[in-house]
Every structure is written in structure tokens, then in C-alpha cells.
Amino acid sequence: MKEPTQKPLFGPGSPKLDPPERPNIKPRRSVAKAISWRAVGTIDTLILSYLLITYLGPMFGAPVAQADALETASYIAITEVATKLVLYFLHERAWSLTGWGTVFRKDRHRETMRRTTIKTGLWRVIASLDTFALAWFFTGSMATAASIGGLEIFTKLVLYFFHERVWARMPFGLADQRAESTA
């Protein structure tokens with residue numbers, strides 16, 4: 001008579017070593033992240049644009065009255081809301097399709113620092129090119145646009161990194177596939 005086989009404690013058949021399934025990231029999470037980031041990013045762009053148009057514009061031969069500087073900075077920031085909401089949503093959805101850089105700890109999925117860092121860098125390239133294009137369009141000065149896009153690289157890298165770390169700890173919009181499959 002043949003004895004029933006037991007699953008090994010460790011090895012390919014061990015449930016301890018089976019990688020947990022990635023959570024199902026709902027589109028509402030991507031929307032909420034896009035809106036929260038856009039609020040932070042728009043305020044940063046408005047302040048940077050205003051300061052750089054006001055103080056660097058004259059250095060590049062484009063003196064601007066303070067009222068005009070605020071109006072131009074507002075146009076850049078408001079237009080950026082629309083363009084970046086779309087770009088950020090697409091960026092988040094693309095990242096949600098890959099499980100690279102996620103780990104399962106304490107019964108929850110977490111992003112690794114490497115994933116957050118690479119997401120931050122990639123997003124910053126996309127977003128800075130968008131800001132540069134908008135600033136150039138509204139100011140007519142490539143130098144002013146480059147200064148706005150260039151400086152925001154640094155401020156927004158820091159802001160975005162912390163935004164990602166806060167969202168990495170929030171369960172909003174995550175559905176554990178194991179819980180969904182048993183339901």
C-alpha cells in the first residue's frame with residue numbers, strides 16, 4: 001500500500017515559499033493618487049513659476065509686471081492640472097500592471113524603496129518635459145521655461161517621493177486577490 005505524499009516544509013511545493021499574489025489595484029486608487037499629487041504639484045508649479053517669472057524674467061531680457069507674472073504663472077499651473085492629471089493617471093496604470101518592486105510584509109503588499117525611486121525618476125522626466133513645454137508656450141521664453149522646468153525637478157522629486165511613500169502605506173483602492181477569489 002502506497003503512503004500519501006506530504007507537502008514539503010520547504011522547497012517548490014512549500015506554501016511558505018509560494019509568492020503571494022499581487023493586490024488588484026483599482027482605478028479609483030490611481031484617480032485618488034492623481035488628484036492628491038496634482039494638488040501638491042500645482043501649488044509648487046504656481047509658486048515656482050511666479051517667482052522665476054518675476055525675478056529671472058528680467059535677467060533674460062523679459063521684464064514682466066507682477067500682475068502679469070501671476071497671471072502667466074496661473075495659466076501654466078491651471079493648464080498643467082489637465083495635462084498632468086491625464087499623464088499621471090496613465091503613469092499609475094502602467095505601473096499597476098507590473099508587480100516589479102512589490103513585496104508582501106505583515107499581511108500587506110508594500111512598494112520597495114527601489115520601485116518608489118524609479119517611479120519617481122520616470123515621472124519627473126515626463127512631468128518636467130510637460131512643464132517646460134507649457135512654460136515655453138505661455139512665457140515665450142525658452143530660458144524662463146528651462147529655469148521653471150529645471151528647478152521644479154528638484155522640488156518635485158522630493159515632494160513626489162514622500163507622496164509615494166504615504167500612498168504606499170494606504171490600503172485605499174487595493175483589493176487582495178486571495179480575499180476576492182474566496183468570496
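Calculation criteria
Starting afresh in each chain, residues are numbered from 1 along the sequence in its written order. Under the rules for a predicted model, residues below a pLDDT of 70 receive no local features and side-chain atom pairs below 80 are neither given nor counted, while totals for whole chains, interfaces and linings still include all residues. Heavy atoms throughout the structure, all of them, feed into the side-chain values; hydrogens and water do not. We call two strands paired when DSSP finds no fewer than two bridges between them. Helix and strand definitions follow DSSP, with helices as H or I runs of at least four residues and strands as E runs of at least two, each counted in order from the N terminus. When accessible area is computed with a 1.4 Å probe and restricted to protein chains, residues below 20% of their type maximum are described as buried, those above 50% as exposed, and intermediate ones as partly exposed. Contacts described as polar in this section are N or O atom pairs within 3.5 Å, which, within protein, must combine one atom able to donate a hydrogen with one able to accept it, while residues neighboring in sequence count only if both atoms come from side chains. We call two residues in contact when some of their heavy atoms are within 4.5 Å. Think of a nonpolar core as a cluster: buried Ala, Val, Leu, Ile, Met, Phe, Trp, Tyr and Cys residues, connected wherever their side-chain atoms sit within 4.5 Å. Lining residues are defined by having an atom within 4 Å of a point belonging to a cavity or pocket. Those points lie on a 1 Å grid over the protein atoms alone, cavities being sets where a 1.4 Å probe fits but cannot get out and pockets being open sets with protein on both sides within 12 Å along at least five of seven lines. Grid points are joined across faces, edges and corners, and a volume is the space filled by probe spheres set on the points. By the convention adopted, Pro, Cys, Tyr, Trp, Phe, Met, Ile, Leu, Val and Ala count as nonpolar, Lys, Arg, Asp and Glu as charged, and the other residues, Gly among them, as polar.

### A short note on the pairing of strand β3 (residues 108-111)
Part 1 of the argument: Pairing geometry for strand β2 (residues 102-105) and β3, over four bridges, is antiparallel. Directly across from Val103, in β3, lies its bridge partner Arg110.
Part 2 of the argument: Turn length for the β2-β3 hairpin, with the two strands adjacent in sequence and antiparallel, is two residues, and the turn residue Lys106 shows positive phi of about 55°.

### Regarding the side chain of Arg115
Part 1 of the argument: Residue placement: Arg115 occurs in helix α3 (residues 113-139).
Part 2 of the argument: Accessibility expressed as a relative area gives 2% for Arg115, which makes it buried.
Part 3 of the argument: Of note is the side chain of Arg115, whose polar atom sits 2.5 Å from the backbone oxygen of Trp100.
Part 4 of the argument: Discounting residues that sit within four places of it in the chain, Arg115 has contacts with Trp95, Ser96, Thr98, Gly99, Trp100, Gly101 and Thr102.

### Points about the nonpolar core
Part 1 of the argument: Formed by Leu52, Ile53, Leu56, Ala69, Ile76, Ala135, Ala145 and Ile148, the largest nonpolar core amounts to eight residues.
Part 2 of the argument: With residues up to four places along the chain from it excluded, the contact list for Leu56 reads Leu51 and Ser147.
Part 3 of the argument: One finds Ala34, Trp37, Tyr88 and Tyr160 within the second-largest nonpolar core, a separate group that totals six residues.

### Here we look at empty space enclosed by the protein
Part 1 of the argument: The final tally for this structure, using the stated rule, is one cavity of 30 Å³ or more.
Part 2 of the argument: If you add up the space inside the largest cavity, you get close to 240 Å³.
Part 3 of the argument: Around the largest cavity, the lining is made up of 21 residues, and of these Ile25, Arg29, Thr102, Glu111 and Leu174 lie nearest the centre.
Part 4 of the argument: For the lining of the largest cavity, the secondary-structure elements that each account for two or more residues are α1 (27-55), α2 (66-96), β3, α3 and α4 (142-168).
Part 5 of the argument: By residue class, the composition of the lining of the largest cavity is seven nonpolar, five polar and nine charged.

### Description of the environment of Gly57
Part 1 of the argument: Relative to the elements of secondary structure, Gly57 occurs in the loop between α1 and α2.
Part 2 of the argument: Gly57 sits in the buried class, given a relative accessible area of 2%.
Part 3 of the argument: As a C-alpha pair, Gly57 and Ala69 span twelve residues in sequence and 9.1 Å in three-dimensional space.

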